[in-house]
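# Examination of the molecular architecture
Residue-level listing of the chains:
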Amino acid sequence: MKPIPYGRQNITEQDIQAVIETLQSDYLTQGPKIDEFEKKFAEYVGCNYAVAVANGTAALHLSAMALGVNEKSKVISTPLTFAASSNCIYYCGGSVDFVDINPKTLLLDIDLLEKKLSTAPKEAYQGIVAVDFAGMPVNLEKLKTIADKYRLWIIEDACHAPGAHFTDSNGQKQFCGNGNFAALAIFSFHPVKHIACGEGGMITTNNKDLYEKLKMLRTHGITKDKNLLQENHGGWYYEMQELGYNYRLTDFQAALGISQLSTADERLKRRREIAAVYDQAFNGTPLEVFPAQKGEAHAYHLYIIHTKKRKELYDQLRSKQIFCQVHYIPVHLQPFYQKKGFKKGMFPCTENYYDGCLSLPMYPSLTDAELDYVINTIKSFL
């Protein structure tokens, strides 16, 4: 059996041809493919506006900037995520606090959040960065009710969850990134994600003012929009009105993203098929799994098990050419965050999860034979 990673890209001949055609066109960057990708992605998630950027971290950084995060800002997030979800607040001079996870969903515990906010000084916090961890959608309707009560904005980190949705109180499907509850949502197009661009990211919103600000911030804070210019010396004229960054996506990356987007639902369907096989295989075993909750559609960027013998199982699988991964080391246990005052024991549910979590191979091109091999190897260990 050839090596089996925990995740990998799935590039088709259609994808390759889309990139080649763009490489042979007049534009490699700042061309028409960017606008096309943005419009098609906005349509896919059901929002009004989308802004393509260099990667998911850039999307988080620009989102924090657009929402006015500064040295006076304190923002709440989950300790169970990749560090970028909270790092973006520090990029802007702000600070972060955490709320522990719900051990069943692995998402930020909304009840603990409300308890924290109810005992905090008035206006102690500015916003929330909520994470659709592993592809499980946060119930943003419930979260926004609390956020509105305490006058907080929401950034939805949906890097794991394009195509996922929860069911709201009216029985309507609410897709991740649709902008109905979060001020901004962000996505990543890293190769192991649902849509691969090599690198790349997207910010989605229904707020036109935020959309216009994001477009300016991703390109050095520069605009050529005649309606925004303070002066106008001619067709060449531009103004730098904000301190922005070069966080642009290239046209050939966008071309790959457009092609990948056209087949995204097929890959999502395969992820859910693989998850269903895992669920059935591990039913009745000592392994804990984390299925979708009632009324929710999981995107399964990751398929996670929890075991008291994580290190032994991890080593055994590696010896059999199955390369699993751990997602994630809790953010508050990283040395940078410990210097900020966070300590082991502060978020016990997250720490207990980390002690036994393991991400199994989960990607659309995983064959049935490879899937059976992974399952049989694990069962043999058990």
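To start, this report covers the structure provided alongside it. Treat the numbers as computed from the prediction; the structure is a model and nothing was measured.

Turning next to the packing of aromatic side chains. Applying the stated rule across the entire model yields 23 aromatic pairs. Ring geometry for F37 and F41: centres 6.3 Å apart, planes at 80°, overall edge-to-face. Of this pair, F37 and F41 are both found in helix α2 (residues 32-45), four residues apart, which corresponds to roughly one turn of the helix. The pair F37 / F41 is uniform in exposure class, with both members buried. Of the aromatic side chains, those joined through ring pairs into one cluster are Y90, F98, F336, Y337, F342 and F347. Here R310 stacks its cationic end above the ring of Y354, 5.1 Å away from the centre of that ring.

The next thing to look at is the pairing of strand β10 (residues 201-205). Of all five residues in β10, five are buried; the element is thus mostly enclosed. Because side chains alternate across β10, one face comprises the buried residues G201, I203 and T205, and the other comprises M202 and T204, equally buried. In the sheet, strand β2 (residues 49-53) pairs with β10 via five bridges, with the strands oriented antiparallel. Looking across to β10, one finds that V51 is bridged to I203. Strand direction decides the pairing type here: strand β9 (residues 184-188) and β10, joined by four bridges, are antiparallel. From the neighbouring strand, S188 faces β10, where its bridge partner is G201.

Moving on to the environment of D97. Structurally, the position occupied by D97 is in strand β4 (residues 95-98). Beyond its immediate stretch of four places on either side in the chain, D97 contacts K74, V75, I76, S77, K116, Y125 and F342. A distance of 3.0 Å separates the side chain of D97 from the side chain of K116, its partner in a polar contact.

Tallying each qualifying case throughout the model produces 12 salt bridges. For the salt bridge of R218 with E38, the shortest nitrogen-to-oxygen distance reads 2.8 Å. Here R218 is found in the loop between α7 (208-217) and β11 (222-223), whereas its partner E38 is found in helix α2, with 180 residues between them in sequence. Connected via shared salt-bridge partners are K33, E36 and K40.

To continue, consider the state of the cysteines. Covalent bonding between the sulfur atoms of two cysteines defines a disulfide. If you walk through the whole model with that rule in mind, you get zero disulfides. Sulfur of C159: no disulfide; nearest cysteine sulfur belongs to C88 and is 10 Å away.

Inspection of the secondary structure assignment puts T350 in helix α12 (residues 348-356). C-alpha separation for the pair T350 and I155, spaced 195 residues apart in sequence, amounts to 21 Å. Not counting the four nearest positions on each side in its chain, T350 is found in contact with P79, L80, D100, I101 and P330.

Judged by nonpolar contacts, the single largest core of 59 residues is most densely connected at F133, Y278 and F282. When residues of this core are traced back to their parent elements, those giving at least two are α5 (110-119), β5 (127-131), α6 (140-149), α9 (264-282), β14 (303-306), α10 (310-319), β16 (357-360) and α13 (368-381). Here this core takes five residues from α9, the largest share from any one element. Among all residues touching Y278, those that are not within four sequence positions of it are Y303, L360, P361, L366, L371, V374 and I375. One finds V75, Y90, I203 and Y337 within the second-largest nonpolar core, a separate group that totals 35 residues.

On to the pairing of strand β3 (residues 74-77), then. As defined by bridge partners, β3 adjoins β4 across four bridges and the pair is classed as parallel. Across the sheet, K74 pairs through a bridge with S95, a residue of β4. In this region the chain leaves β3, passes through helix α4 (residues 84-91) and returns to the parallel neighbour β4; the handedness of that crossover is right-handed.

Reading guide: rules and limits
Residues numbered from 1 in each chain as written. Predicted model: local features only at pLDDT ≥ 70, side-chain atom pairs only at ≥ 80, totals over all residues. Heavy atoms only, no water. Phe/Tyr/Trp six-rings, centres within 6.5 Å; stacked < 30°, edge-to-face > 60°. Helix = DSSP H or I, 4+ residues; strand = E, 2+ residues; numbered from the N terminus. Buried < 20%, exposed > 50% of the residue type's maximum accessible area, 1.4 Å probe, protein only. Lys NZ or Arg CZ within 6 Å of the ring centre and 35° of its normal. Pairing = 2+ DSSP bridges. Contact = heavy atoms within 4.5 Å. Polar contact = N/O pair within 3.5 Å; in protein donor to acceptor, adjacent residues only side chain to side chain. Salt bridge = Lys/Arg side-chain N within 4 Å of Asp/Glu carboxyl O. Disulfide = S-S within 2.5 Å. Core = buried A, V, L, I, M, F, W, Y, C linked by side-chain atoms within 4.5 Å. Right-handed = clockwise from strand over helix to strand, strands pointing away.

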